[in-house]
Each structure stands twice: as structure tokens, then as C-alpha cells.
Amino acid sequence: MPRSVRLAQSPVVLREGRWWVVGEAGAVPVSDPSFATVLNGFAEAVAAADRAVADLRARPGEPSASSMRGRR
């Protein structure tokens, strides 16, 4: 597992189990437990969505929704 993981395309990074907000001037640790809980939930949702997309892409021979437009 990488030591540092950026959350989606946000300025938030998980480093060694702790959330940080990163900017040009440096990084600030997330000290609010409620905010950290929200970040954890969002990270889990993003990971689940990534897995679902990967599973869909791994299915061979099934037409995608976009290739089925206009067909019955």
C-alpha cells in the first residue's frame, strides 16, 4: 500500500492513516474527527465506485449502454 494517497482530485491526502489538506504553502493535518469521518466515508465510496467500474470493464462481450442507444 502506498504511503500517501490523494482523495480523488481533491487537495486532501491520506498519509500513514491520517488525513491532510495540502496546498501550495504546505500541508495541514485534519484535526476535526467529524471531518475525518466524512473523508473516510467519501474515500470508501470512491473506492467502491472504482471497483464497480473495473468490474464492468472486465466483463467480456457485453455491449455497453452507449453502444446500445437507439437499438431495440
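Definitions and cut-offs
- Residues numbered from 1 in each chain as written.
- Predicted model: local features only at pLDDT ≥ 70, side-chain atom pairs only at ≥ 80, totals over all residues.
- Heavy atoms only, no water.
- Pairing = 2+ DSSP bridges.
- Helix = DSSP H or I, 4+ residues; strand = E, 2+ residues; numbered from the N terminus.
- Axes fitted to C-alpha atoms, helices over the stretch in contact; angles between N-to-C directions.
- Buried < 20%, exposed > 50% of the residue type's maximum accessible area, 1.4 Å probe, protein only.
- Contact = heavy atoms within 4.5 Å.

Trainee: What is the right way to look at the sheet that holds strand 1 (residues 4-6) in this model?
Mentor: Strand pairing in a sheet relies on backbone hydrogen bonds. The paired strands run either parallel or antiparallel. On the basis of which strands lie adjacent, the open sheet formed by four strands has the order 1-2-3-4 and antiparallel pairing. Of all strands in the sheet, those with a lone pairing partner are strand 1 and strand 4 (26-29), marking the two edges. Averaged over neighbouring strand pairs, the angle between their axes works out to 30° when direction is ignored. Bridge count between strand 2 (residues 12-15) and strand 3 (residues 18-23): four bridges; the pairing is antiparallel. Pairing of Val13 across the sheet is with Trp20, part of strand 3.

Trainee: Explain the environment of Ala27 here, please?
Mentor: Here Ala27 is to be found in strand 4. For Ala27, a relative accessible area of 34% puts it in the partly exposed group. Considering only alpha carbons, one finds Ala27 and Val13, 14 residues apart in sequence, at a separation of 9.2 Å. Among all residues touching Ala27, those that are not within four sequence positions of it are Arg15, Trp20, Val21 and Val22.

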